[in-house]
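Residue strings, one per chain:
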Amino acid sequence: MFERIYPTKIILPMKMHYGVPAIPAVKEGDYVRIGQCVGVPEKGTFSVPVHTGISGRVSEISEIVLPNGIKTPAVTIVNDMKRTRLDSVKPRSGFKLSASEAIGVIRNAGICGMGGEGIPTAAKLNRARTEVIQDFLVNCLQSEPYSTSDLVAITEYPDYVVLGSCACARAVGASKCVFLISENRKEQRKALTNSIEKIKDDFKDLQFEIKLFRERFPQGYYRLVARALYGKNLALGETLEKSCKAVLFNCSTMLACWEALADNIPMMSRIVSVTGDASGGHNMLVPIGTPVSELLSNAQDIKNGSDRIVWGNCLTGIEIKDPENTPVVKTTSVISVIRRLEVPRTPCIHCGLCSECCPMNLSPNTIYEMLNQGLGQKAAEEGARECIACGSCSYVCPSGIDLTYSIARFAGEGRIIEINSLLDNSSSELKQNYDADSAYVGEASLLEGYTDGGDNSEEGSGDSLTLPFEKDKKV
Ligand code: SF4
Ligand code: SF4
């Protein structure tokens, strides 16, 4: 179950994804409707468009700084509460899509990974297609403490999650669709099983599997998945696609893909958990851009003004200083509300707990000391770049040492290189070809207007992806 939130305004950052910011396609005073594109990628850049999930007037376009330090232009829209939609935001019927067209729709819908670094989904799909993968993995694990937004998405919209996964699996030419889920999530397992049963005759070219994992944190990071499913320890720069012939997507991202493919809905809202040890646990369906303060004011049990409000999960998230001006972005799965505890800080007592809990088998205390002494090269040799920023070492440390901050920051530099290599290998298909003067900007839907653009002409008719749209929708 989730609550629907209709905010008084939204603040839409032009950068909520991995890549360069989109450019505002509206001006102050403009009236916009639900589903309208308000930010377009600059031609030839790696970016995704931005859409509004409310109707109303653009009140401001200015630069903002997100809690993670990213500076980006942002479009603020004041809600007229009329919920006026673009005419194009409605279910599709009676047509087929090629694989390239399906990926194009996903690109134009502004979809990026909703569970991680916000890599544009079309880019990842294109890469998977280039690598000729076999296994299409859907991450339904959501193992962070307190967070349940992905699990609610599965419970409420299992058909959309499964159909989105099948459509994308077919688009990249996978032969198997595998849903990864914790063994304790009985309700979600049942929902997925029922949905697979309903649609499997439409996807006879795909095998289906539900793979059970132990309940533990962290779980869903791709390198942990590579180890768990394929017994491979991926080195930095190695990818699931190349090494394991597999690709991994978040289940909420797959839900968004089916909304775009079947209902012409761009990425303009998401489910967010508002939860922690100072909150009873809420899940809210909100337009992207909703200020965090409007989520908190709808969670009646949050009363103590001294709690820490965290953008992200309680282990690795960032404390929010200004909830009124901090928006939910495409990658925000949780706002954590945590009691403020002052942990006494003492020197390391060499208890070894941080090493015991590290999922990457690192010695966080040793690496932390090396980094403190400026010995970056030694820290790298000790494996520091392997850190996946899970936050476990800081959480267990009885001395209150924030090991994660410095280790994860050091590793983050490596990860940027890793993602760049992931994207650089792809063809120019990944570069967006939007034209700010095109008919798709403004009040026309980017989805309705999608054309292939000739990029994929070599693939010809062999590229056909028939989705179950021809008659009635099967959901
Ligand atoms: S945050 Fe700490 S426990 Fe987690 S991977 Fe990094 S070093 Fe290991
Ligand atoms: S958990 Fe803390 S005190 Fe224990 S070894 Fe690690 S850094 Fe030292």
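Fair warning: this is a prediction, and the values are worked out from it, not measured in the lab.

J.: Even after reading the chapter, I still don't get the site of ligand 1, so can you show me in this structure?
T.: By nearness alone, 17 residues border ligand 1, and C358, C387, C390, S392 and C393 come closest of all. Taken together, the elements giving at least two residues each to the shell around ligand 1 come down to α13 (392-396) and α14 (403-424). In terms of residue count, the dominant contributor to the shell around ligand 1 is α14 (four residues). Its residues placed into classes, the shell around ligand 1 shows 14 nonpolar, three polar and no charged.

J.: What should I look at first to understand the sheet that holds strand β5 (residues 37-40) in this one?
T.: Sheet strands line up and pair through hydrogen bonds in the backbone, either parallel or antiparallel. With antiparallel pairing, the three strands of this open sheet are ordered in space as β3-β5-β6. If you trace the sheet from one side to the other, it starts and ends with β3 (23-24) and β6 (50-51), each paired once. Two elements, β5 and β6, share two bridges in a ladder whose sense is antiparallel. Bridging across to β6, C37 finds its partner in H51.

J.: Is there a simple way to think about helix α2 (residues 121-131) in this case?
T.: Since there are 3.6 residues in each turn of an α-helix, residues three or four apart along the chain are aligned in direction. Burial analysis of α2 places ten of its eleven residues in the buried class, the great majority of the element. Every buried residue of α2 is listed here: T121, A122, A123, K124, L125, N126, R127, A128, R129 and E131. Just downstream of α2, V132 is the residue with a positive phi angle, here 50 degrees.

J.: What's the story with the confidence of the model for the protein in this structure? I'm lost.
T.: Note: predicted coordinates in regions of low pLDDT should not be interpreted at a detailed level. Per-residue confidence for the protein gives a mean pLDDT of 85, with 85% of residues at or over 70. For residues 424-475, every residue scores under 50 in pLDDT, and the model assigns this stretch 100 contacts once sequence neighbours within four places are set aside.

J.: For this particular structure, what's the right way to read the pairing of strand β2 (residues 9-13)?
T.: Each regular strand shows side chains that alternate between the opposite faces of the sheet. Judged by how many residues are buried, β2 sits mostly within the fold: five of five residues are covered. Judged by which residues are buried, β2 turns out to be covered on both faces: K9, I11 and P13 on one side and I10 and L12 on the other are all buried. Two elements, β2 and strand β8 (residues 71-79), share five bridges in a ladder whose sense is antiparallel. Within β8, the position partnered with K9 by the bridge is V78.

J.: How should I be thinking about the environment of T404 in this particular structure?
T.: Examined against the element boundaries, T404 turns out to sit in helix α14. Ignoring sequence-local partners within four residues, the contact set of T404 consists of T316, A389, G391, C393 and S394.

J.: Please explain helix α5 (residues 186-199) as it appears in this structure.
T.: Compared with an ideal rise of 1.5 Å per residue, which puts 14 residues at 20 Å, α5 spans 20 Å between its outermost C-alpha atoms and is within 8% of the ideal. Every buried residue of α5 is listed here: Q188, A191, L192, S195 and I196. Down the axis of α5, the sector holding all buried residues measures 130 degrees, keeping them to one side. Across α5 from its buried face, at more than 90 degrees, point the exposed residues K186, E187, K190, N194 and E197.

J.: Looking at this model, I keep getting lost on the pairing of β5. Mind explaining?
T.: When β3 meets β5, the two strands line up antiparallel, connected through two bridges. Looking at the pairing, I23 lines up with V40 of β5.

J.: It is not clear to me how the sheet that holds strand β11 (residues 176-182) should be interpreted in this structure. Could you clarify?
T.: Across the sheet, four strands lie side by side as β12-β11-β10-β13; this open sheet has parallel pairing. Of all the strands in the sheet, the pair left with one neighbour each is β12 (207-213) and β13 (246-250). Looking at each pair of strands side by side, their axes are set apart by 25 degrees on average, direction ignored. The pairing of strand β10 (residues 135-139) with β11 spans five bridges and is parallel. Bridge pairing links L137 to V178 in β11. Where helix α4 (residues 158-172) meets the sheet, its contacts fall on β10, β11 and β13, and the angle it forms with β10 comes to roughly 150 degrees. This element, helix α8 (residues 251-263), spans β10 and β13 of the sheet and lies at about 80 degrees to β13.

J.: Before we go on, may I ask you to explain the environment of S399 in this structure?
T.: Residue position: S399 is located in the loop between α13 and α14. Once the C-alpha coordinates of S399 and V343 are considered, the two residues, 56 residues apart in sequence, prove to be 8.1 Å apart. Residues within four places of S399 in sequence aside, it is in contact with R345, T346, P347, C348 and I349.

J.: Got a minute to help me understand the environment of I338 in this structure?
T.: Locating I338 in the fold gives a position in strand β18 (residues 334-338). Judged by C-beta crowding, with 19 C-beta atoms within 10 Å, I338 ranks as partly exposed. Distance from I338 to G276, taken between C-alpha atoms, is 5.4 Å for residues 62 residues apart in sequence.

J.: Explain the packing of α2 against α4 here, please?
T.: What describes two packed helices is the angle between their axes and the distance between those same axes. Viewed as axis vectors pointing N to C, α2 and α4 meet at an angle of 45 degrees, and their least axial separation amounts to 8 Å. In terms of orientation, α2 lies oblique with respect to α4. In contact with L125, A128 and R129 of α2, α4 contributes C168, A171 and V172. When grouped by side-chain class, the residues that make up the contact of α2 with α4 number five nonpolar, no polar and one charged.

J.: Could you clarify how one ought to interpret the nonpolar core in this entry?
T.: Burial of nonpolar side chains together is a common tendency in soluble globular proteins. Formed by 115 residues in total, the largest nonpolar core has its most connected members in I106, V138, C168, V172, L180, V247 and C257. At ten residues, α4 tops the list of elements feeding residues into this core. Looking at this core, you find at least three residues from each of domain 1 (3-87 + 266-338) and domain 2 (97-265 + 448-465). Discounting residues that sit within four places of it in the chain, C168 has contacts with L125, F136, F249, M254 and C257.

J.: Got a minute to help me understand the packing of α4 against α8 in this structure?
T.: In the contact formed by α4 and α8, the axes pass within 7 Å of each other and the chain directions differ by 80 degrees. The orientation of α4 relative to α8 falls into the category roughly perpendicular. Side by side, α4 and α8 meet where Y160, V161, L163, G164, S165, A167 and C168 of the first sit next to C251, M254, L255, C257, W258, E259 and L261 of the second. Partitioning the contact of α4 with α8 into residue classes produces eleven nonpolar, two polar and one charged.

Criteria and cut-off values
Sequence order as written defines residue numbering, which begins from 1 separately in each chain. By the order in which they are written, chains take letters starting at A while ligands take numbers starting at 1. A pLDDT threshold of at least 70 governs which residues receive local features in this predicted model, and a stricter bar of 80 or more applies before side-chain atom pairs are shown or counted, although totals over entire chains, interfaces and linings include all residues. Being near a molecule or strand means, for a residue, that its C-beta atom, positioned from the backbone, comes within 6 Å of it. Helix numbers and strand numbers start at the N terminus; a helix is a DSSP run of H or I with at least 4 residues, a strand a run of E with at least 2. Residue polarity follows a fixed list, in which Ala, Val, Leu, Ile, Met, Phe, Trp, Tyr, Cys and Pro are nonpolar, Asp, Glu, Lys and Arg are charged, and the others, Gly among them, are polar. Following DSSP output, two strands are said to pair if at least two bridges run between them. With C-beta atoms placed from the backbone, a residue is buried if 20 or more other C-beta atoms are within 10 Å of its own, exposed if 12 or fewer are, and partly exposed between those counts. One confidence number per residue, pLDDT, is output by the predictor and ranges from 0 to 100. C-beta atoms are first placed from the backbone for all residues, and any pair lying within 7 Å is then listed as a contact. How far a helix is expected to stretch is found by multiplying one less than its residue total by 1.5 Å. Along the arc lie the directions from the helix axis toward the C-beta atoms. Axis definition: a line fitted to C-alpha atoms, limited for helices to the stretch in contact. Angles are taken between N-to-C directions and run from 0 to 180 degrees. Each angle gets one of four labels, with under 35 degrees taken as roughly parallel, over 145 as roughly antiparallel, 65 to 115 as roughly perpendicular, and the rest as oblique. A set of buried residues qualifies as a nonpolar core if it consists of Ala, Val, Leu, Ile, Met, Phe, Trp, Tyr and Cys joined through C-beta atoms within 7 Å. Segment limits for the domains were obtained from an automatic or database-derived domain assignment.

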